[in-house]
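# Geometric and topological summary
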Amino acid sequence: MHTLYARGTMKAEITAAVGFLSRFLRIKGHVNDRQLQTFSQSLQDILNEQYKHHWFPDRPCKGSGYRCIRINHKMDPLVGQAGQRIGLTIQQLYLLLPSELTLWVDPYEVSYRIGEDGSICVLYESTPVVTVPPPVSVTVAPSGGGPSGPMLDSHISCKEELMVMGRTSPSKAYNMMTVSS
């Protein structure tokens, strides 16, 4: 019997990601409350528009690279766009945000990593709503897995997938920001 995941919205995940980035701006103290609110709303609108055709609750890892917010030697263009709406330059954003940040905004989970070898931390996690459709007659090939081998659980989180692959270098100690609601 197959299960289907109810097509979810991305509001909670985007809200968690935007709140996380906005806290860096608030902590550094270089933006006022109105600017912070404008930045948050702008980034939320930008991400909603950007992700609307790349959101797959039934396969959360599909499109994960597209939804990844990345700051390293280049500023993520979506974050840069929201920053420019409140008058911040890319150089000012580099001073306010971590210099090495990866933020994954996926269905049911938002995770981040600060530094290339930093630990992956979960900001937001939820459980998919599962519905069970009526029974359907399905013919299964005797090989059990088809030409590409056995079927894998496609609902493993992207963070878990990265952790399973293992790390190529030893971890470094980083100060991590925790988020609570």
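For the structure given in this document, a descriptive report is provided here.

About the thresholds
Residues numbered from 1 in each chain as written. Predicted model: local features only at pLDDT ≥ 70, side-chain atom pairs only at ≥ 80, totals over all residues. Heavy atoms only, no water. Salt bridge = Lys/Arg side-chain N within 4 Å of Asp/Glu carboxyl O. Helix = DSSP H or I, 4+ residues; strand = E, 2+ residues; numbered from the N terminus. Buried < 20%, exposed > 50% of the residue type's maximum accessible area, 1.4 Å probe, protein only. Axes fitted to C-alpha atoms, helices over the stretch in contact; angles between N-to-C directions. Left-handed = near helix turned anticlockwise from the far one by under 90°. Contact = heavy atoms within 4.5 Å. Nonpolar A, V, L, I, M, F, W, Y, C, P; charged D, E, K, R; others polar.

Let us now look at the pattern of salt bridges. The tally for this structure, following the rule as stated, stands at five salt bridges. A salt bridge links Asp106 to Arg67; the shortest N-O distance between them is 2.7 Å. Linking Asp106 in strand β3 (residues 101–106) with Arg67 in helix α3 (residues 64–67), this pair joins segments that are 39 residues apart in sequence. Summarising the burial analysis for this pair, Asp106 and Arg67 share the class buried. By sharing partners, the salt bridges in this structure join Arg70, Glu100, Arg113 and Glu116 into a single network.

For the rest of this paragraph, the subject is the packing of helix α2 (residues 33–51) against helix α4 (residues 77–84). For the pair α2 and α4, interaxial distance at closest approach is 8 Å and the crossing angle is 145°. Seen from above, α2 lies across α4 with right-handed handedness. Judged by residue contacts, Phe39, Ser42, Leu43, Ile46, Leu47 and Gln50 of α2 engage Leu78, Val79, Gln81, Ala82 and Gly83 from α4. Broken down by class, the residue content of the contact of α2 with α4 amounts to seven nonpolar, four polar and no charged.

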